[in-house]
Amino acid sequence: MTQPMILVTGATGKVGGAVVTQLHAAGVPVRALVRGESDFPEGVEAVRGDLSDHASLGTALEGVDSVFLVWPFLSAEGASDVIDAIGKHARRVVYLSSAGVGSQKEKPDEAITMFHTELERLVEASGLEWTSLRPTGFASNTLGWAEEVRTTSTVRAPLARLARPLIHEADIAAVAVQALTTDALLGARPLLTGPELITQERQVAQISEATGRPVRFEEIALDEAAEQMKAAGWPADLVEAVLPAQAEMIDNPEPVNDAVERITGAPARSFQEWAVDHAADFR
């Protein structure tokens, strides 16, 4: 019997790319939604479309059974139309959400989680089979330090003692593959974490070890960090939400669980493993 086709959005990103790779390796027919030129292994079908224009998704969704949905915008505007378009073709959607959704710390107007909360609501009301994955911070977010590491061997950032259970994108993808190809996670919202809390200072030390070059962490004030983020294009309301939330995590860290291992059968990868896997990005 022919296996059903799975469409992966965000396919050129870290998590979506890992989902494509793992589905392809498992012999599952996979289609990647792309906005421009792309390079995927032979056998992966790349189809152009843009989530900001639901009318552009028809070809990509043709013959698709399930969709891995990564929402790349900071608001839910247009999401209802996209989910309606998915519902006309597919029977299942797996949404990449956030650990902040549904937590006791979540506030109704919280910029970090607001659009994820709305996307989850839309997905669950769609009539589709659904799963919402709620990972903690991505290890791949530390790639934002890569240019500093390459050019100055120094990471200048606030909150050296901030410790988070950062998760490897390959582990998020492995859970997504289970949700896309089995019924084990139907109607579930699994919280996904890395295997341990690791401070930002220690993250930099492990990047240093992985690259074989000296890299140090230089702590800066929150005000300076906020100005840097705004200068880099972050919306002011998001900056004003992110930094205080991170500061609060020093005394109230995120939980660590074994959901990745329970779902996939393999322990969650450590940040040290992630750093080794991505050492070339920092050299």
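Scroll up to find the structure.
Here we summarise the structure given alongside this text. (Residues numbered from 1 in each chain as written. Predicted model: local features only at pLDDT ≥ 70, side-chain atom pairs only at ≥ 80, totals over all residues. Heavy atoms only, no water.)

1. What to know about the packing of aromatic side chains
Part 1 of the reasoning: Tallying each qualifying case throughout the model produces three aromatic pairs.
Part 2 of the reasoning: With a centroid separation of 6.1 Å and an interplanar angle of 75°, the aromatic rings of Trp274 and Phe282 are classed as edge-to-face.
Part 3 of the reasoning: Accessibility expressed as a relative area gives 1% for Phe282, which makes it buried. (Phe/Tyr/Trp six-rings, centres within 6.5 Å; stacked < 30°, edge-to-face > 60°. Buried < 20%, exposed > 50% of the residue type's maximum accessible area, 1.4 Å probe, protein only.)

2. What to know about the pairing of strand 1 (residues 5-8)
Part 1 of the reasoning: Of the two faces of strand 1, both are covered, the one formed by Met5 and Leu7 as well as the one formed by Ile6 and Val8.
Part 2 of the reasoning: As paired strands, strand 1 and strand 4 (residues 64-69) are joined by four bridges and run parallel to one another. What sits directly across from Val8, in strand 4, is Phe68.
Part 3 of the reasoning: With three bridges joining them, strand 1 and strand 2 (residues 30-34) adopt parallel strand pairing. Among the inter-strand pairings, Leu7 is bridged to a residue of strand 2, identified as Arg31. (Helix = DSSP H or I, 4+ residues; strand = E, 2+ residues; numbered from the N terminus. Pairing = 2+ DSSP bridges.)

3. Remarks on the packing of helix 3 (residues 79-87) against helix 4 (residues 114-124)
Part 1 of the reasoning: Where helix 3 contacts helix 4, the axes come no closer than 10 Å and their chain directions differ by 30°. What the angle tells us is that helix 3 and helix 4 run roughly parallel. Of the two possible hands of crossing, helix 3 and helix 4 adopt the one that is right-handed. In this structure, helix 3 uses Ala79, Ser80 and Ile83 to contact helix 4, whose residues at the interface are Leu119, Leu122 and Val123. (Axes fitted to C-alpha atoms, helices over the stretch in contact; angles between N-to-C directions. Parallel < 35°, antiparallel > 145°, perpendicular 65-115°, else oblique. Left-handed = near helix turned anticlockwise from the far one by under 90°. Contact = heavy atoms within 4.5 Å.)

4. Quick notes on the nonpolar core
Part 1 of the reasoning: Membership of the largest hydrophobic core comes to 33 residues, with the highest contact counts inside it found for Val8, Val19, Val20, Leu23, Phe68 and Leu133.
Part 2 of the reasoning: At the level of secondary structure, the elements contributing two or more residues to this core comprise strand 1, helix 1 (14-25), strand 2, strand 5 (92-96), helix 6 (169-181) and helix 10 (259-264).
Part 3 of the reasoning: Beyond its immediate stretch of four places on either side in the chain, Leu23 contacts Ile6, Val8, Val28, Val30, Val177, Leu180 and Thr181.
Part 4 of the reasoning: Core analysis: the second largest hydrophobic core is formed by 26 residues, Ile86, Ala90, Val93 and Leu119 among them. (Core = buried A, V, L, I, M, F, W, Y, C linked by side-chain atoms within 4.5 Å.)

5. A short note on the pairing of strand 5
Part 1 of the reasoning: Judged by how many residues are buried, strand 5 sits mostly within the fold: five of five residues are covered.
Part 2 of the reasoning: Here strand 5 shows a buried face lined by Arg92, Val94 and Leu96 and a second buried face lined by Val93 and Tyr95.
Part 3 of the reasoning: Sheet analysis places strand 4 next to strand 5, joined by four bridges and oriented parallel. Note that in strand 5 the partner of Phe68 across the bridge is Val94.
Part 4 of the reasoning: Between the parallel pair strand 4 and strand 5, the chain is carried across by helix 3, and the sense of this crossover is right-handed.
Part 5 of the reasoning: Strand direction decides the pairing type here: strand 5 and strand 6 (residues 129-135), joined by five bridges, are parallel. Across the sheet, Tyr95 pairs through a bridge with Ser132, a residue of strand 6. (Right-handed = clockwise from strand over helix to strand, strands pointing away.)

6. Let's talk about helix 4
Every α-helical turn comprises 3.6 residues, leaving residues that sit three or four positions apart pointing alike.
Part 1 of the reasoning: Turning to helix 4, its buried residues are Phe115, His116, Leu119, Glu120, Leu122 and Val123. Across the axial projection of helix 4, the buried residues extend over an arc of 165°, all falling on one side.
Part 2 of the reasoning: Where helix 4 is buried, its residues contact strand 4, helix 3, strand 5 and strand 6. (Arc of directions from axis to C-beta.)

7. Notes on the sheet that holds strand 2
What holds strands together in a sheet is hydrogen bonding between their backbones, with the strands either parallel or antiparallel.
Part 1 of the reasoning: On the basis of which strands lie adjacent, the open sheet formed by seven strands has the order 3-2-1-4-5-6-9 and parallel pairing. Looking at the sheet topology across the chains shown, the edges are occupied by strand 3 (45-48) and strand 9 (191-192).

8. With respect to the environment of Ser153
Part 1 of the reasoning: Checked against the element boundaries, Ser153 lands in the loop between helix 5 (146-152) and strand 7 (154-157).
Part 2 of the reasoning: Residue Ser153 is classed as partly exposed on the basis of its relative accessible area, which comes to 21%.
Part 3 of the reasoning: The spatial distance from the C-alpha of Ser153 to the C-alpha of Val215 is 4.6 Å, given a sequence separation of 62 residues.
Part 4 of the reasoning: Filtering out sequence-adjacent residues up to four positions away, Ser153 remains in contact with Glu148, Arg213, Pro214, Val215 and Arg216.

9. A few points about the side chain of Thr193
Part 1 of the reasoning: Along the chain, Thr193 falls in the loop between strand 9 and strand 10 (198-199).
Part 2 of the reasoning: According to the relative accessible area criterion, Thr193 is buried, its value standing at 0%.
Part 3 of the reasoning: For Thr193, the side chain forms a polar contact with the main-chain nitrogen of Asn257, separated by 3.0 Å.
Part 4 of the reasoning: Sequence-distant contacts of Thr193, that is, excluding residues within four places in its chain, are made with Thr136, Pro165, Ile167, Pro255, Val256, Asn257, Val260 and Ala268. (Polar contact = N/O pair within 3.5 Å; in protein donor to acceptor, adjacent residues only side chain to side chain.)

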